[in-house]
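Reading the structure
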Amino acid sequence: MSLWSWRLGALFAIRLAGVLAGLLLALPAAHAHEARPAYLEVKETAPGHFDVLWRTPVLAGMRLPIRLQLPSNVKDTSEPTVQELADSLLERRSIDAGSAGLAGKRFEFPGLQLTITDVLVRVELLDGRKWTNIVRPQQPWIEIAAAQSGWEVAGTYIVEGIRHILFGADHLLFVLGLLLIVKDRWMLVKTVTAFTVAHSLTLAAATLGNVSPPLLPLNFAIALSILFLGPEIVRSWRGATSFTIRHPWVVAFAFGLLHGFGFASALTGAGLPRSDLPLALLNFNIGVEIGQLGFIALVLALERSFHVLQMQWPRWVELLPGYVVGGLGAFWTLQRAAPLLAVLR
């Protein structure tokens, strides 16, 4: 059996457990990168007094069902104001937390557990101390603690980057498609490097506000990039050639530019202060690269393991990963085309 057969078998071993669940849950997975995080900013303006900014994402014209519940014994000192933006609702208010401040007090987010998004929380105290963390659906509350060190803040964004790539089915399927096409290890290094450079460029450009592509066409194009790889995988199986098969790094770079904009939605949608963007961008991108390289390393390690064990795979098992890439690419392309066409009418 060829080395490529071992690779296909290994890839099948990784993905088989998730194929049925992935097909059943394809709708949520397809929207995984459209669910921009909610954002809570709490800034101390005087001892015990804070300005609160609460941003809730709006998807397809509907506000995510997340509410902000203030800690007990905290009262409003001004009437909340709500501003409707194209992609979110922005609520501003001022609160009085008393002489003890917010230390040890809990902000809750009812409804977060019903979503697939997160809440990015940033607290800035009067003495210059800052605190940043991520609230996830499985624990829809956060307790204000002491200020964090720079390393702890960096770690928060690195973890978010890792999580973003590992839970991003569309991005992982694109990487999987490249692995199914590229047979030469040196070409694989060039291809992965080209993809990394490309999505790092557009991630930086979008996060820093230099470019802001519309969301619906972007998500459609990302799905189309996965569908594009399907026929190329079949050509490589048949021993045929094409520009993609001869120069996969060029295709990886071109589509990597699109995927970088997809990664950026996790930061641009949060509404972070501009002063925080360089640190967030650097560490989020590090996290994305760690997750991506970890996925590739796992695939290659399992490929090697099955080769050493001399395991035999049925032909349909060898072909399944390629058809999963093409099939889900086609499904997501059609799914994301529908809202785009509705807007264009």
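One structure accompanies this document, and this report is about it.

Cut-offs used in this document
Residues numbered from 1 in each chain as written. Predicted model: local features only at pLDDT ≥ 70, side-chain atom pairs only at ≥ 80, totals over all residues. Heavy atoms only, no water. Phe/Tyr/Trp six-rings, centres within 6.5 Å; stacked < 30°, edge-to-face > 60°. Lys NZ or Arg CZ within 6 Å of the ring centre and 35° of its normal. Salt bridge = Lys/Arg side-chain N within 4 Å of Asp/Glu carboxyl O. Helix = DSSP H or I, 4+ residues; strand = E, 2+ residues; numbered from the N terminus. Buried < 20%, exposed > 50% of the residue type's maximum accessible area, 1.4 Å probe, protein only. 1 Å grid on protein atoms, 1.4 Å probe; cavity = no way out; pocket = protein on both sides within 12 Å on 5 of 7 lines; lining within 4 Å. Points joined across faces, edges and corners; volume = space filled by probe spheres on them. Nonpolar A, V, L, I, M, F, W, Y, C, P; charged D, E, K, R; others polar. Expected span 1.5 Å × (residues − 1). Polar contact = N/O pair within 3.5 Å; in protein donor to acceptor, adjacent residues only side chain to side chain. Core = buried A, V, L, I, M, F, W, Y, C linked by side-chain atoms within 4.5 Å. Contact = heavy atoms within 4.5 Å. Axes fitted to C-alpha atoms, helices over the stretch in contact; angles between N-to-C directions. Parallel < 35°, antiparallel > 145°, perpendicular 65-115°, else oblique. Left-handed = near helix turned anticlockwise from the far one by under 90°. Pairing = 2+ DSSP bridges. Patch = residues over 30% accessible without salt bridge, like charges linked within 9 Å, V, L, I, M, F, W, Y side chains within 5 Å. Areas by Shrake-Rupley, 256 points an atom, 1.4 Å probe, with all protein chains shown as cover.

The final tally for this structure, using the stated rule, is five aromatic pairs. Taken together through their ring pairs, the aromatic side chains of Phe174, Phe195, Phe228 and Phe255 make up a single cluster. Of note, Arg106 hangs over the ring of Trp141, and the distance from its end group to the ring centre comes to 3.6 Å.

Let us now look at the pattern of salt bridges. Tallied over the entire structure, the rule returns 10 salt bridges. A salt bridge links Arg136 to Glu160; the shortest N-O distance between them is 2.9 Å. Taken as a pair, Arg136 in the loop between strand S9 (130-135) and strand S10 (141-143) and Glu160 in helix H3 (residues 150-166) lie far apart in primary sequence, 24 residues in all. Like Glu160, Arg136 is buried. Each of Asp118, Arg136, Glu160 and Arg163 takes part in salt bridges that share partners, so that together they form one network.

This part is about empty space enclosed by the protein. In the structure shown here, the tally under the stated rule is four cavities of 30 Å³ or more. Estimated volume of the largest cavity: approximately 50 Å³. In terms of lining residues, the largest cavity is bounded by Pro37, Asp118, Leu120, Ile134, Tyr157, Glu160, Ala266, Leu267 and Phe284. The set of elements that each furnish at least two residues to the lining of the largest cavity consists of H3 and helix H8 (248-268). Partitioning the lining of the largest cavity into residue classes produces seven nonpolar, no polar and two charged. Approximately 40 Å³ is the volume attributed to the second largest cavity. Those elements that place two or more of their residues in the lining of the second largest cavity are helix H4 (169-181), helix H5 (185-207) and helix H9 (277-309). Ranked by residues supplied to the lining of the second largest cavity, first place goes to H5 with four residues. Its residues placed into classes, the lining of the second largest cavity shows seven nonpolar, two polar and no charged.

Helix length check: H5 (23 residues) gives 32 Å between terminal C-alpha atoms against 33 Å at 1.5 Å per residue, within 8%. Two or three places before Trp186, at the opening of H5, Asp184 has a side-chain oxygen 3.1 Å from that residue's backbone nitrogen. Gly209 sits one or two positions beyond H5 and adopts a positive phi of about 85 degrees.

Counting residues in hydrophobic clusters, the biggest one holds 53 residues, and the most contacted among them are Leu173, Phe174, Leu179, Phe284, Phe295 and Val325. Counting only elements with at least two residues in this core, the list comes to H3, H4, H5, helix H6 (215-237), H8, H9 and helix H10 (315-344). The leading source of residues in this core is H4, at nine residues. Among all residues touching Phe174, those that are not within four sequence positions of it are Phe195, Ser225, Ile226, Leu229, Phe255 and His259.

Now for the packing of H4 against H9. At their nearest, the axes of H4 and H9 sit 11 Å apart, and the two run at 40 degrees to each other. As the angle between them shows, H4 and H9 are arranged oblique. Note on packing geometry: the crossing formed by H4 with H9 is right-handed. Residues Leu172, Val175, Leu176 and Leu179 of H4 form the contact with H9, whose own contacting residues are Gln292, Phe295, Ile296 and Val299. Taken together, the residues of the contact of H4 with H9 break down into seven nonpolar, one polar and no charged.

Below, the discussion takes up the pairing of strand S6 (residues 88-96). Summarising burial for S6: eight of the nine residues are buried, a large majority. Here strand S4 (residues 75-76) runs beside S6; their pairing, made up of two bridges, is antiparallel. Bridged to Lys75 within S6 is Asp96. The sheet contact formed by strand S5 (residues 81-84) and S6 spans four bridges and is antiparallel. Each residue of the ladder has a partner; that of Val82, found in S6, is Glu91. Hairpin connection of S5 to S6: three residues between the antiparallel strands.

Moving on: unusual backbone geometry. Positive phi, normally seen in glycine, also occurs at Asn73, with a value near 65 degrees. In this fold, Asn73 is placed in the loop between strand S3 (62-63) and S4. In this structure Asn73 comes out as exposed when scored by relative accessible area, which is 70%.

The description of two packed helices rests on the angle between their axes and on the distance between the axes. One can describe the packing of H5 onto H9 by two numbers: an axis separation of 11 Å at closest approach and a directional angle of 155 degrees. What the angle tells us is that H5 and H9 run roughly antiparallel. Crossing handedness for the pair H5 and H9: right-handed. Contact residues: Arg185, Leu188, Val192, Phe195, Thr196, His199, Ser200, Leu203, Ala204 and Thr207 in H5; Leu277, Leu281, Phe284, Asn285, Val288, Glu289, Gln292, Leu293, Ile296, Leu300 and Glu303 in H9. Within the contact of H5 with H9, the residues separate by chemical class into 12 nonpolar, six polar and three charged.

Further remarks concern a nonpolar patch on the surface. A surface patch of nonpolar side chains, about 240 Å² in accessible area, is lined by Val197, Leu201 and Phe253. By relative accessible area, Val197 is classed as partly exposed at 40%.

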